[in-house]
Amino acid sequence: MLVAPLLLLLFGPFAPSSGAQLPNEGQAKDPPIATNGQPFPWDRMRLPKTVSPIHNDLIIHPNLTTFDFTGVARIELDVHEDTSVIVLHAKQMQISNVLLLAPEGVRPLRVLEYPRFHQLALLSDSVLTKGRKYEVQLGFAANLSDSYHGFYKSSYRTSAGEVRFMASTQFEATFARGAFPCFDEPAFKANFTIRITREPRHIAISNMPKVKTVALPGGLLEDHFDTTVKMSTYLVAYIVSDFLSVSKTTQHGVKISIYAVPEKIDQTAFALDAAVKLLDFYDDYFDIPYPLPKQDLAAIPDFQSGAMENWGLTTYRETGLLFDADRSSASDKLGITKVIAHELAHQWFGNLVTMEWWNDLWLNEGFAKFMEYISLDITYPELHVDDFFLGKCFEAMEVDSLSSSHPVSTPVENPMQIQEMFDDVSYDKGACILNMLRDFLTPEAFEIGIIQYLKRYSYQNTVNSHLWESLTNICDSDDLDEGRMKHKEFCSKRNVPSGASKWYSDDELDVRAIMDTWTLQEGFPLVTVEVRGREVRLSQERYLKTDDPSLTEGFLWQIPLTYMTSASSTIHRFLLKTKTDVLYLPEEVDWVKFNVDMSGYYMVHYAGNGWNSIIRLLQHNHMALTSNDRASLIHNVFQLVSIGKVRLDTALELSLYLSRETEIMAVTQGFGELVPLYKLMEKRDMPALENQMKGYIVDLFRGLIDRQEWSDSGSVSERVLRSYLLLFACVRNYTPCVTKATQLFNQWKASDGKISLPVDITMAVFVIGARTPEGWNFLFEKYRNSMQMSVKSRMKFAMTVTPLQDKLKWMMEQSLRGDVMKTQDLPDVVVSVSKNPHGFKLAWDFLRANWQTLIKKFDLGSNTISYMVTGVTNQYSTRETLNEVRSFFGSLTEETGSEMRCIQQTYETIEDNIRWMDTNLPLLRAWLDKHGHKGPHEDL
């Protein structure tokens, strides 16, 4: 669907909301001049809509000796307005032999380049006529990229020490233009026919199956791939490598293959079975057959993000796909299954139906993140994914509580702004508001609505409102075909979407009106609840960590409230549409709990005596609430301390109940709120209070830690919790843990790493072993020679927790070089070192010293850069460190990242930490003294 081109060019499909760019953001400030000094005929970052591609024919020849590539692109075009100019994208490549293939014959086209916007203009002597089709042909050449995007080179080392090279692609969001000339915007969907030239020692794979291989002169081979369905450029993929593969066929007849380096092909069985199971699930759930004949999953040795949903050829980090039944942990299994579920969900959400522009990226990523949990809950119930969903909402709230946050749907223009959209707001907040909407509409109504959306907009591009329309009139649609009998039955029982009768009856259900308040404004609401007898007074405001109250004004949400009381376990529902409102209970109650299971994306403050009632309940009968409810109470009460709504003593009193807690979500949330308090102190000189705090947490969880077996028994959640608890106990020098881990490490070392340790305890054992130079060196030797990706990950983490500063510095330097430790792992290494009390200064110095290299390798605005910037700085809490951080980031130019949102987030986080420490340190000291925590004698 094309909207008014000027409005679309300026803002994307939405008018600007708060946080919008200025109208000239995507426009050249001065008239653009091409590289040859001539005026460039287009002055906007978004391409004109005068022509659009129908079909792209690509011949690509990568050379894995010289690390460059050549190619020819032939693009069939539809002309929508008379024009003599074709503007498309190309980035850092030599363009040659540009021809127009018109009905009248072949003619050369003049070429102008405007590198600032990555644009080419092809100029024709005669007019291209509206309604006619033309073809253009362009020769191109470039180097394989040294980064992790575009068409880039990757390498791996065999067990014999040989380094082997390969080439792979990563085009999302704006990097296809670095691999071939194209219309590199998601709305320019077209078909692609790809041919790859390679040496006989390699194989080539792409989105579609190979139809034939042709021998070329000079001993080369050319693989011809079938034509793709209509799709966006960012989903194109091809790989040239020496990978091996294993395959199976789904019940629906789709061939699934896993590709990996030869020596790791034996670690692919789990991913293969998971992919078959999940693709079959989505095929049935969405009631739309997967449209391609095959789905490949490739484990790439060098890969920046977690995975990529290229249609028919999804790509992954090796840790995201490879699983060793004997050496991988429960959390590895959970992580691999989730990432496969995410990428396969994209084959429908994102690939089949694609957002019109990157401002609505959440329509792709929020849905894929949400579907991870929906699909795994049904296909892998033993993984208990529900135990981990809440954590995503808490992570989203962390960034969404800052004034530098952005609406889920927010105008973006340039590549850096687009990259910044790949953040916790698009993914995690997107998933959490969809979960809230599903609870509001009921799962049945929600499922009907999203199937309707996918069927209606297959092979097209959408904006927010298309989704809301599909979810509003779910029973009025022709898309409810006979194949979905349960949907027919659902609609015959109700003549309104289910949510309407459940929540309120006066108004017609308007999903768009509700959801616009969650997607078009940033932040989230804090609902204050005050119970007076049977009367429940409600009010809403924006939750914001700031000392400027004016920033919270002007926000109003339509909030689907849920609540239960001591008198009734029934879940009651109420849609809060105004700033304040009043509810009446049928009788007086001892306690009330709002946001049941935290299915809503909001926090709750219990005013008056409300928190005391909750604390009494948790102390006497915490099982009266679900573990999600308990986790949300822990989260909310500590977050309310940050904005001065609740005193720190109240939050700490609530935390006392944790000595009886056993469920993973509530336990980890307890750690998540308490551990950061001493992490702030580690970076200041206050050992006495720091050790008191550490002693309190160890005492709180001592019973649970003591009950952990040093084995691999139990459910996935129990096993993940065991790893977490034993690691914490060992890092905190809890004597029984350190003794046991030391004994096991010494046995493992004595056997030269040959004895098999229980997987769940290896992290704790490795961390203790890495404390001595001898133990660290032994661990590194095993790391260097291991082919098991999950084992390497645990070893790498343990090595970053060492107190040996020379080792920490060396690890960061080695990760940057990329010979022994992969550069893709550098962000994790740097952030992990920054959390180490012996390493935080080293990590900050390293980030500053290598800034130019890092932004070139990982790209401005990328989630990776943001992760390092915030990860290294978010535990600072003094004016001195804030000034140091401001001094460095303030010295950057726009080209080196000064405009990145993560820098603003960093300033705000440190300011919040300073406020917290100023307000709460005396209270914390007094409370710990009162509760007898003088701090252990040993140095923690």
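A. Seen up close, the overall build of the protein chain. Looking only at helices and strands, one finds 29 helices and 29 strands in the protein chain. For 940 residues, the compact-globule estimate of 2.2 N^0.38 gives 30 Å, and the C-alpha radius of gyration of the protein chain, at 28 Å, lies within 12% of that figure. Restricting the contact set of the protein chain to residue pairs at least 6 apart, pairs at least 24 apart contribute 72%. A total accessible area of about 34600 Å² is found for the protein chain, and carbon and sulfur atoms account for 50% of it. Treating the 93 positive side-chain charges of the protein chain as one cloud and the 118 negative ones as another, the clouds have centres 3 Å apart.

B. Examining the side chain of Q824 more closely. By secondary structure assignment, the location of Q824 is in the loop between α23 (805–817) and α24 (826–835). For Q824, the residues in contact, after removing those within four places along its chain, are Y148, P301, D302, F303 and R317.

C. View of the packing of aromatic side chains. On inspection of all chains with the given rule, the structure shows 56 aromatic pairs. Residues F370 and F446 carry aromatic rings whose centres are separated by 5.5 Å and whose planes lie at 80 degrees to one another, so their mutual orientation is edge-to-face. In this pair, F370 is assigned in helix α4 (residues 362–379) and F446 in helix α8 (residues 443–456), connecting sequence segments 76 residues apart. Taken as a pair, F370 and F446 share a single burial class, namely buried. R46 extends its terminal NZ or CZ atom over the ring of W357, reaching a point 3.5 Å from the ring centre. One Lys or Arg, K792, reaches over the ring of Y783 and ends 4.6 Å from the middle of that ring.

D. Structural detail: the environment of E908. Topologically, E908 is positioned in helix α29 (residues 901–930). Since its relative accessible area comes to 9%, E908 is described here as buried. Remark: the alpha-carbon pair of E908 and L882, spanning 26 residues in sequence, is separated by 9.7 Å. Every residue in contact with E908, bar those within four places of it in the chain, is listed here: L402, S403, S404 and K545. A distance of 2.8 Å separates a polar side-chain atom of E908 from the backbone nitrogen of S404.

E. Main features of unusual backbone geometry. Residue A173 is reached from E172 by a cis peptide bond, and omega for that bond is 10 degrees. Mapped onto the elements of the fold, A173 is located in the loop between β10 (163–170) and β11 (191–198). A positive phi angle is found at Y459, which is not glycine, with a value near 65 degrees. With respect to the secondary-structure elements, Y459 resides in the loop between α8 and β22 (460–462). Backbone geometry at D859 places phi at a positive 85 degrees, although glycine is not the residue there. Summarising the element assignment, D859 is placed in the loop between α26 (851–858) and α27 (863–873). According to the relative accessible area criterion, D859 is buried, its value standing at 16%.

F. Expanded view of the packing of α8 against helix α9 (residues 464–472). Relative orientation of the contacting elements α8 and α9 amounts to 130 degrees, with a least axis distance of 8 Å. Between α8 and α9, the angle falls in the class oblique. The handedness of the crossing between α8 and α9 is right-handed. Along the contact surface, α8 presents F446, G449, I450, Q452, Y453 and R456, while α9 presents H466, L467, S470 and L471. Taken together, the residues of the contact of α8 with α9 break down into five nonpolar, four polar and one charged.

G. Inspection of the side chain of H605 at higher detail. Looking at the secondary structure, you find H605 in strand β29 (residues 603–606). In this structure H605 comes out as buried when scored by relative accessible area, which is 9%. Beyond its immediate sequence surroundings of up to four residues, H605 is in contact with L526, V527, T528, V529, W611, L640, K645 and V646.

H. A look at the sheet that holds strand β2 (residues 68–79). Reading across the sheet, the eight strands line up as β5-β4-β8-β2-β1-β11-β14-β13 and stay open at both edges, with mixed pairing between neighbours. At either end of the open sheet lies a strand with only one pairing partner, and these are β5 (105–108) and β13 (210–215). Strand-to-strand twist in this sheet, taken as the mean axis angle between neighbours without regard to direction, amounts to 20 degrees. Where β13 lies against strand β14 (residues 221–225), five bridges are found, and the strand directions are antiparallel. Bridging across to β14, T213 finds its partner in D223.

I. Expanded view of the confidence of the model for the protein chain. This prediction gives the protein chain a mean pLDDT of 92; 93% of its residues lie at or above 70. Confidence drops under a pLDDT of 50 for residues 1–25, and excluding neighbours within four residues, the segment shows 53 contacts in the predicted structure. Taken together, the stretch residues 495–506 has pLDDT below 50 and engages in 30 contacts with residues farther than four places along the chain or on a different chain.

J. Representation of helix α17 (residues 687–706) within the structure. Taking the largest bend as the criterion, α17 deviates by roughly 45 degrees, centred on L700. With 14 of 20 residues buried, α17 is to be regarded as a mostly interior element.

K. Region of the structure containing the sheet that holds strand β25 (residues 559–565). The strand order β26-β25-β28 describes an open sheet built from three strands, whose pairing is antiparallel. In the strand order of this sheet, the two ends are held by β26 (568–576) and β28 (592–594), each with one partner. Neighbour to neighbour, the strand axes of the sheet diverge by 25 degrees on average, direction disregarded. The sheet contact formed by β25 and β28 spans three bridges and is antiparallel. Bridged to M564 within β28 is K593.

L. Summary view of helix α21 (residues 773–785). The first and last C-alpha atoms of α21 sit 19 Å apart over 13 residues, in line with the 18 Å expected at 1.5 Å per residue. Inspection of α21 places G775, W776, F778, L779, F780 and Y783 among the buried residues, and these make up the whole buried set. Those residues of α21 that are buried are in contact with α19 (735–750), α20 (762–769), α22 (789–800) and α23.

M. Just the state of the cysteines, in detail. Counted by the stated rule, this structure contains two disulfides. Between the sulfur atoms of C393 and its disulfide mate C432 the distance is 2.0 Å. Classification of the bridge connecting C393 and C432 rests on its S-S torsion, roughly -100 degrees, and on that basis the disulfide is left-handed. Of this pair, C393 sits in helix α5 (residues 386–400) while C432 is found in helix α7 (residues 424–441), placing the two residues 39 residues apart along the sequence. Classification of C432 by relative accessible area gives buried; the value is 2%. Sulfur-sulfur distance for the disulfide between C730 and C737 comes to 2.3 Å. Taking the torsion about the sulfur-sulfur bond, which here is approximately -90 degrees, the covalent link between C730 and C737 counts as left-handed. Judged by relative accessible area, C737 falls into the buried class, the value being 3%.

N. View of the environment of V463. Along the polypeptide, V463 turns up in the loop between β22 and α9. Relative accessible area serves as the criterion here: at 9%, V463 is assigned to the buried category. Sequence-wise, V463 and K133 are 330 residues apart; in three dimensions their C-alpha atoms are separated by 28 Å.

O. Representation of the pairing of β11. Taking burial as the measure, the eight residues of β11 include six buried ones, the bulk of the element. One ladder, built from six bridges, connects strand β1 (residues 51–63) with β11; its direction is parallel. Along β11, the bridge assignment pairs H55 with N191. In this sheet, β14 lies alongside β11 in antiparallel orientation, the contact comprising four bridges. Note on β14: the bridge partner recorded for R195 is H224.

P. Inspection of the nonpolar core at higher detail. Core analysis: the biggest nonpolar cluster contains 321 residues, and F180, I340 and F594 have the highest contact counts within it. Excluding anything up to four places from it in sequence, F594 contacts V529, V536, L538, L561, T562, Y563, L583, V604 and Y606.

What counts as what
- Residues numbered from 1 in each chain as written.
- Predicted model: local features only at pLDDT ≥ 70, side-chain atom pairs only at ≥ 80, totals over all residues.
- Heavy atoms only, no water.
- Helix = DSSP H or I, 4+ residues; strand = E, 2+ residues; numbered from the N terminus.
- Rg over C-alpha atoms; globule rule 2.2 N^0.38 Å.
- Contact = heavy atoms within 4.5 Å.
- Areas by Shrake-Rupley, 256 points an atom, 1.4 Å probe, with all protein chains shown as cover.
- Lys, Arg positive; Asp, Glu negative; His and termini not counted.
- Charge placed at Lys NZ, Arg CZ, Asp CG, Glu CD.
- Phe/Tyr/Trp six-rings, centres within 6.5 Å; stacked < 30°, edge-to-face > 60°.
- Buried < 20%, exposed > 50% of the residue type's maximum accessible area, 1.4 Å probe, protein only.
- Lys NZ or Arg CZ within 6 Å of the ring centre and 35° of its normal.
- Polar contact = N/O pair within 3.5 Å; in protein donor to acceptor, adjacent residues only side chain to side chain.
- Axes fitted to C-alpha atoms, helices over the stretch in contact; angles between N-to-C directions.
- Parallel < 35°, antiparallel > 145°, perpendicular 65-115°, else oblique.
- Left-handed = near helix turned anticlockwise from the far one by under 90°.
- Nonpolar A, V, L, I, M, F, W, Y, C, P; charged D, E, K, R; others polar.
- Pairing = 2+ DSSP bridges.
- pLDDT = per-residue confidence, 0-100.
- Bend = angle between axes of the 7 residues up to and from the residue.
- Expected span 1.5 Å × (residues − 1).
- Disulfide = S-S within 2.5 Å.
- Core = buried A, V, L, I, M, F, W, Y, C linked by side-chain atoms within 4.5 Å.

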